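# Close look at the chain arrangement
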Amino acid sequence: MADLTALLSVSDKTGIVDFARALHAQGIKLLSTGGTAKLLADSGLPVTEVSEITGFPEMLDGRVKTLHPRVHGGLLARRDVPAHMAALKEHGIGTIDLLIINLYPFAQATAKADCTLEDAIENIDIGGPAMLRAAAKNWQDVGVVIDPTDYPQVLSELQAGGLKRATKFMLAKKVFAHTAAYDGMITNYLTALEAGAEDKTADVPAKAEYPQVFNLQLHKVQGMRYGENPHQSAAFYREAKPAAGTLAQWTQIQGKELSFNNIADADAAWECVKAFEQPACVIVKHANPCGVAVGATLLEAYEKAFKTDPTSAFGGIIAFNRPLDADVVEAINARKHFVEVAIAPAITPAARTAYASKTNVRLLEVPISQLSNPLDFKRVGGGMLLQSADNIDIVGELKVVTKKQPTPQQLADLRFAWTVARFVKSNAIVFCKDGMTMGVGAGQMSRLDSARIASIKAGHAGLTLQDTAVASDAFFPFRDGLDVVVDAGASCVIHPGGSMRDDEVIAAADERGIAMVLTGTRHFRH
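With an unreviewed UniProt entry as reference, the protein chain is termed Bifunctional purine biosynthesis protein PurH, source organism Ideonella lacteola. Taken directly from UniProt, the Sequence similarities (unreviewed entry) text for the protein chain runs: "Belongs to the PurH family."

## Considering the overall build of the protein chain
Broken down by element type, the protein chain carries 19 helices and 21 strands. Over its C-alpha trace the protein chain gives a radius of gyration of 30 Å, far above what one expects of a compact globule, namely 24 Å for 526 residues. On the principal axes, the C-alpha backbone points of the protein chain span a range of 95 × 60 × 45 Å. Across the 526 residues that make up the protein chain, the buried fraction comes to 47%. Contacts in the protein chain between residues at least 24 apart in sequence constitute 59% of all its contacts with a sequence separation of at least 6. Here the protein chain displays about 25200 Å² of accessible surface, and carbon together with sulfur accounts for 53% of that area.

## Brief notes about the layout of surface pockets
In this model, the second largest pocket occupies a volume close to 1900 Å³. Of all the secondary structure elements, the ones that give two or more residues to the lining of the second largest pocket are helix 6 (106-111), helix 10 (165-190), strand 6 (218-224), strand 7 (234-239) and strand 14 (375-380). At eleven residues, helix 10 tops the list of elements feeding residues into the lining of the second largest pocket. Across the lining of the second largest pocket, the residue classes break down as 27 nonpolar, ten polar and nine charged.

Definitions and limits used
- Residues numbered from 1 in each chain as written.
- Predicted model: local features only at pLDDT ≥ 70, side-chain atom pairs only at ≥ 80, totals over all residues.
- Heavy atoms only, no water.
- UniProt positions renumbered as here; feature names shortened; annotations may be inferred.
- Helix = DSSP H or I, 4+ residues; strand = E, 2+ residues; numbered from the N terminus.
- Rg over C-alpha atoms; globule rule 2.2 N^0.38 Å.
- Buried < 20%, exposed > 50% of the residue type's maximum accessible area, 1.4 Å probe, protein only.
- Contact = heavy atoms within 4.5 Å.
- Areas by Shrake-Rupley, 256 points an atom, 1.4 Å probe, with all protein chains shown as cover.
- 1 Å grid on protein atoms, 1.4 Å probe; cavity = no way out; pocket = protein on both sides within 12 Å on 5 of 7 lines; lining within 4 Å.
- Points joined across faces, edges and corners; volume = space filled by probe spheres on them.
- Nonpolar A, V, L, I, M, F, W, Y, C, P; charged D, E, K, R; others polar.

Structure representation (structure tokens):
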């Protein structure tokens, strides 16, 4: 490989010296720029500065280094086109066969609280993307590497005789995805700057919460047999860097491939179970929690969650916020509780063994964090709705508005019920007691119907709603909804308030002798 030339110019210098040393050992000539060239030279490697082949020094504070025909000609010339090779020979331009580059750290620079517009602009790479795109366009002749994790594969193939065609194409595709994401990131930043920022480049510019142009890059994880229904095609895509503790970071331990509906329901279950600090269990069916509970142990939490609605729990998604152990799995198996997916931060070896015979059950481990996705997306015809996550903490903001004060136990149940209601489709009515859902009414056009359904489901499960706490995701517009839940057995209620008839509803609560707590915060979920 004595005739090959590699150009190295990296901001992320992870592993670059060892990689360059291995290239040199293969007889590959090393070209480099700026700090990378100095690092390689200081490491004892023979390296030629790009300025030596272009005949021009780095200019304009480093803005111009590689924008020259002796660089881009060496990258773009097709080796199988005689006219291209003749042109290189005529002008004394050598080929560049390997390009190892990663770009200025724009994301890291703009993430700093004191980043000025000038700082941001100077961290926009120009020569790097130009070289990357040139090399990727000529992928059949040039191997282009942007990711240090690809160094071992590239080196292994070079040592075996040369880069495979499939590898070069894979590397080129990564480049175009990378430069697209890089430009999208810059666009998101610049189009969020408020008017007038261009006149204050030395100051930290004011930014709008949402940019004028929003770019999001997703990476395909898997295709699916079908979507929500068999006649729909589907695939699952993941963000390049998912937020900590989100479902997209799952590791599947066993079971069939996840379906479209499995993933959607698993996300609902996982986001809900993460909201609790005590050992918790959440069972979800068709995007709604049908059983939620906390307990002293995970087993207790499961037993309570299952009791809420054993019928709906069959074929549901079950999530835990503690490592899943064999005791819980054995309890699930003992009552022949079939679940599509079980999710936990960890699944113990004994639990895996206990579930091993249930080969269709999908077991997922997900690193847990109480953080949620920072942004929430909803697709509509021809557009996208974008909003911040619904993760407000109501502790310290509760307001008792009735003559009767809630007891400490009632207050704990009200907070529990309010947390669950955040994850139930509107209109949501949730009956709870002793850290357990007792009846859940979800997704009805009328709040009255949600209340009635919750009561009916509790009856079907053999549960009494006497002295329960009730959460409503939005205010009671009339007293009739309040009367329904009190007639069912509720002794205290929590809701946002804010209705023009709040006084009437509060008076009704006083008349019925229950405690009422307002949150001032609504939790619609559509």
